[in-house]
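# Fold and geometry: a report
Here are the chains, one letter per residue:
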Amino acid sequence: GQVRANVIQVAPRVSGPIIQLPIRDNQLVKAGDLLFKIDPRTYQAALDEARAKLDETRDRIKDLEAQVKAAEAAIDQAESGIKQAGFAVESAEATVVKAKADFERATTLVAKGDVSKRVYDEAVAANDVAQANLAKAQAQGTQANSAKLQAQAELARAKAELGAPGEDNAQLRAAKAALVTAQLNLEFTEARASVDGYVTNLNLRLGSQAVANQPALALVDIASFWVHGYFRESMVADVRPGDRAIITLMTYPDRPLEGRV
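Residues numbered from 1 in each chain as written. Predicted model: local features only at pLDDT ≥ 70, side-chain atom pairs only at ≥ 80, totals over all residues. Heavy atoms only, no water.

What follows deals with the overall build of the protein. Broken down by element type, the protein carries 3 helices and 12 strands. The globule rule puts the C-alpha radius of gyration for 261 residues at 18 Å, and the 44 Å found for the protein is more than 25% above it. Expressed along its principal axes, the backbone C-alpha trace of the protein runs to roughly 150 × 50 × 20 Å. When burial is assessed residue by residue, the protein has 26% of its 261 residues classed as buried. (Helix = DSSP H or I, 4+ residues; strand = E, 2+ residues; numbered from the N terminus. Rg over C-alpha atoms; globule rule 2.2 N^0.38 Å. Buried < 20%, exposed > 50% of the residue type's maximum accessible area, 1.4 Å probe, protein only.)

Quick look at the sheet that holds strand β5 (residues 34–38) now. Strands sit in the order β6-β5-β3-β8 across an open sheet of 4 strands; the sheet is antiparallel. The sheet is open, and its two borders are formed by β6 (190–192) and β8 (209–210), each paired with just one other strand. (Pairing = 2+ DSSP bridges.)

Here helix α3 (residues 170–187) spans 26 Å end to end across 18 residues, near enough to the 26 Å set by a 1.5 Å rise per residue. Taken together, the buried positions of α3 are Leu 172, Ala 175, Leu 179, Ala 182 and Leu 186. Taken end-on, α3 shows its buried residues confined to a sector of 90 degrees, consistent with a single buried face. N-cap assignment for α3: the residue whose side-chain oxygen lies 3.0 Å from the backbone N of Gln 171 is Asn 169. (Expected span 1.5 Å × (residues − 1). Arc of directions from axis to C-beta. Polar contact = N/O pair within 3.5 Å; in protein donor to acceptor, adjacent residues only side chain to side chain.)

Moving on: the sheet that holds strand β9 (residues 217–221). Strand order in the open sheet formed by 4 strands is β2-β9-β7-β4, and the pairing between neighbours is antiparallel. Every interior strand has two partners, whereas the edge strands, β2 (7–10) and β4 (28–29), have only one. As paired strands, β2 and β9 are joined by 4 bridges and run antiparallel to one another. Its bridge partner being in β9, Val 7 is matched across the sheet by Val 220.

A few words on the side chain of Asp 39. Here Asp 39 shows up in the loop between β5 and α1 (41–112). For Asp 39, the side chain forms a polar contact with the side chain of Arg 41, separated by 2.7 Å. If we ignore the near neighbours within four places in the chain, the residues touching Asp 39 are Pro 17, Ile 19 and Thr 189. (Contact = heavy atoms within 4.5 Å.)

Within this structure, the stated rule accounts for 7 salt bridges. With a shortest N-O distance of 2.4 Å, Glu 154 and Arg 157 are connected by a salt bridge. With a gap of 3 residues between them, Glu 154 and Arg 157 both fall in helix α2 (residues 117–162), about one helical turn apart. Note on Glu 154: relative accessible area 33%, which makes it partly exposed. One network of salt bridges, in which partners are shared, links Lys 37, Glu 190 and Arg 192. (Salt bridge = Lys/Arg side-chain N within 4 Å of Asp/Glu carboxyl O.)

Turning our eyes to something else, we now look at the packing of aromatic side chains. Following the criterion strictly, the structure yields 0 aromatic pairs and no others. If you follow Arg 13 out to its NZ or CZ, it ends over the ring of Phe 188, 4.1 Å from the centre. (Phe/Tyr/Trp six-rings, centres within 6.5 Å; stacked < 30°, edge-to-face > 60°. Lys NZ or Arg CZ within 6 Å of the ring centre and 35° of its normal.)

Okay, the environment of Gln 150 next. With respect to the secondary-structure elements, Gln 150 resides in helix α2. Counting along the chain gives 76 residues from Gln 150 to Ala 74, while the straight-line C-alpha distance between them is 9.0 Å.

This part covers a negative patch on the surface. On the surface, Asp 55, Glu 56, Asp 59 and Asp 63 cluster together into a patch of negative charge. Among the secondary structure elements, Asp 59 is positioned in helix α1. (Patch = residues over 30% accessible without salt bridge, like charges linked within 9 Å, V, L, I, M, F, W, Y side chains within 5 Å. Areas by Shrake-Rupley, 256 points an atom, 1.4 Å probe, with all protein chains shown as cover. Lys, Arg positive; Asp, Glu negative; His and termini not counted. Charge placed at Lys NZ, Arg CZ, Asp CG, Glu CD.)

Okay, structure coming up:
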């Protein structure tokens, strides 16, 4: 038979030069012990940048939220202007009707000589002023409608750039995810033992370059040893699970091991 055990291949999650290597080959380590450490400065800088990006994203979201509120207020103001312009147009139209009637009457009367030229001129001026006021009111209505359309377009743009509100905002979630990734990469500069075991196949040296996802050493799980027995078919007929077994190691013949099938 053979003595077997679970062997865990230890590979760094990030790349970089080794700055700490407190272990040696065949050393017994405990779960959580530091196996090696990669230079963390690059990953610390990336973490600082991710934090700054998150702050920048929060500020941008606040600015976009303010733009949305400003656009909504502009729409309300434009709608109020449209109503006021509508009232002004109605009033100006009524004034135009009256001024036009006065002008037509004055035109008829002045031709007959029943009114003076001054009265006629006043009617003409009043009619012109009424027409001008109507045109001004209509222009204000057009301007108010244009302002509303512009505010609606600005609101749509700001909402599109802002995205979902609160913590569901895609920009905010992306910035938070980038921060978590940067934090994890910084943590990954320290490789620690996942189980109690023996270090083996140690290929690292101080200053050597650790490459992400490339095995750097192996860890033999101390709690996973078992003996794998090989028997001829003619010898296993009476072997049952749970049977007592005595194993003698070739290296240590005076220290037999006792186990169970």
